[in-house]
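# Report on the structure
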Amino acid sequence: MAAQAITYLEQIARNYLKAQPFMAHYLFFDLDGTLSDTHDLSRATWFEILRPHGIDVDYDFYHERLHGRDTPDVLAELLPEMDKAARQDLHAHQAARYRDRTRRAAPLPGVTPFLDTAREKGFKLALVTNAPEADALESLIPLGLDTAFEPRVFKDDVSKIKPDAEPYTLALSRAGIEGHDAIAFEDSPRGVQAACAAGLTAVALVTTHHPQALREAGASLVIGDFSDPILDELLSDPSAVII
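Summary of the structure given here.

The rules we used
Residues numbered from 1 in each chain as written. Predicted model: local features only at pLDDT ≥ 70, side-chain atom pairs only at ≥ 80, totals over all residues. Heavy atoms only, no water. Axes fitted to C-alpha atoms, helices over the stretch in contact; angles between N-to-C directions. Helix = DSSP H or I, 4+ residues; strand = E, 2+ residues; numbered from the N terminus. Parallel < 35°, antiparallel > 145°, perpendicular 65-115°, else oblique. Left-handed = near helix turned anticlockwise from the far one by under 90°. Contact = heavy atoms within 4.5 Å. Nonpolar A, V, L, I, M, F, W, Y, C, P; charged D, E, K, R; others polar. Phe/Tyr/Trp six-rings, centres within 6.5 Å; stacked < 30°, edge-to-face > 60°. Buried < 20%, exposed > 50% of the residue type's maximum accessible area, 1.4 Å probe, protein only. Salt bridge = Lys/Arg side-chain N within 4 Å of Asp/Glu carboxyl O. Pairing = 2+ DSSP bridges. Polar contact = N/O pair within 3.5 Å; in protein donor to acceptor, adjacent residues only side chain to side chain.

### A word on the packing of helix α5 (residues 84-102) against helix α7 (residues 133-143)
Remark: α5 packs on α7, axes separated minimally by 9 Å, with the N-to-C direction vectors making an angle of 15°. By the angle between their axes, α5 is roughly parallel relative to α7. By crossing handedness, the relation of α5 to α7 is classed as right-handed. Of α7, the residues touching α5 (which contributes Y98, R99 and T102) are D135, E138, S139 and P142. Of the residues assigned to the contact of α5 with α7, the class counts are two nonpolar, two polar and three charged.

As structure tokens, then:
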């Protein structure tokens, strides 16, 4: 009887929350593929690094075998005959070549005006990325965004990366808010899954994945880039856009 009463009260609470207008005070952003289309840079770097080992990195190979994974795991899988010290050297070389490319990266269309407008409307901005802090800063500095986000969560801060919810739960804790107070911007199903698992609403960009894959992962809204006019509506009244 007590269990039935609890279930009934939980259902009342859920119905009440659904009836309330959706509000958000924070916007959480992924980095690679969301603020900047760095996946082309990453794919080019992997092609360069793996070419001497007879491995061609095309679009499908990159997304199926490389994208979103830890580099040491990738190298161990693709080059099992290479000893650990040599793989560590190759990892360091790969990271250095990628950082060299990201110094010339540009933000995705509409990023800067969107962030400016969001701040003007009172939103706070946070960063949640699977990238190590050093690599992330190398990407953010040329974009002019190295001081744009607080809090910031990097791979170094967590024990599990996306699609696990830990990066987002840590960011929520640092911001002092609950998941329903924030909207996450992601470009991958893994990122969308992580955000949704932490209780955030996810907006997904189609820079790297098919729209349907992003929706199936839990995205409430899918956009092309930050120039999409629906984002003006989102900043003015999230409840009018997010279902």
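Let's pick the thread back up.
### Details of the packing of aromatic side chains
Per the counting criterion, the structure on display carries nine aromatic pairs. Centroid distance F29 to F114: 6.4 Å. Interplanar angle 75°. Geometry classified as edge-to-face. Here the residue F29 occupies a position in strand β1 (residues 26-29), and F114 occupies one in helix α6 (residues 111-120), the gap between them amounting to 85 residues. By the burial criterion, F29 is buried, and F114 matches it.

### A closer look at the pattern of salt bridges
Taken as a whole and judged by the stated rule, the model has 14 salt bridges. One salt bridge connects R69 with E77, and the closest N-O pair in it is separated by 3.0 Å. Under the relative-accessibility criterion, E77 is labelled partly exposed at 38%. Across the salt bridge formed by R99 and D135, the nearest N and O atoms sit 3.0 Å from each other. Taken together, the residues R99 in helix α5 and D135 in helix α7 connect sequence positions 36 residues apart. Its relative accessible area of 23% is what places R99 among the partly exposed residues.

### Quick look at the packing of helix α4 (residues 71-78) against α5
Here α4 crosses α5 at 125°, and the two axes come no closer than 10 Å. Taken together, the axis directions place α4 and α5 in an arrangement best described as oblique. In this structure, α4 crosses over α5, and the sense of that crossing is right-handed. Contacts from T71, P72, L75 and A76 in α4 reach R87, L90, H91 and Q94 in α5. A class-by-class count of the residues in the contact of α4 with α5 yields four nonpolar, three polar and one charged.

### Some points on the sheet that holds strand β6 (residues 221-223)
The strand order across the open sheet built from six strands is β3-β2-β1-β4-β5-β6, with neighbouring strands paired in parallel fashion. The two strands at the open ends of the sheet, each matched to only one other strand, are β3 (152-153) and β6. As defined by bridge partners, strand β4 (residues 182-186) adjoins strand β5 (residues 201-205) across four bridges and the pair is classed as parallel. Across the sheet, residue E186 finds its bridge partner in β5, namely A204. The strands touched by helix α9 (residues 189-197) within the sheet are β4 and β5, with β5 carrying the most contacts at an inclination of about 170°.

### Considerations on the side chain of S36
Inspection of the secondary structure assignment puts S36 in the loop between β1 and α2 (39-50). Here A106 takes part through its backbone oxygen, which lies 2.9 Å from a polar atom of the side chain of S36. With near-sequence residues (within four places) excluded, S36 lies in contact with L31, A105, A106, P107, L108 and L143.

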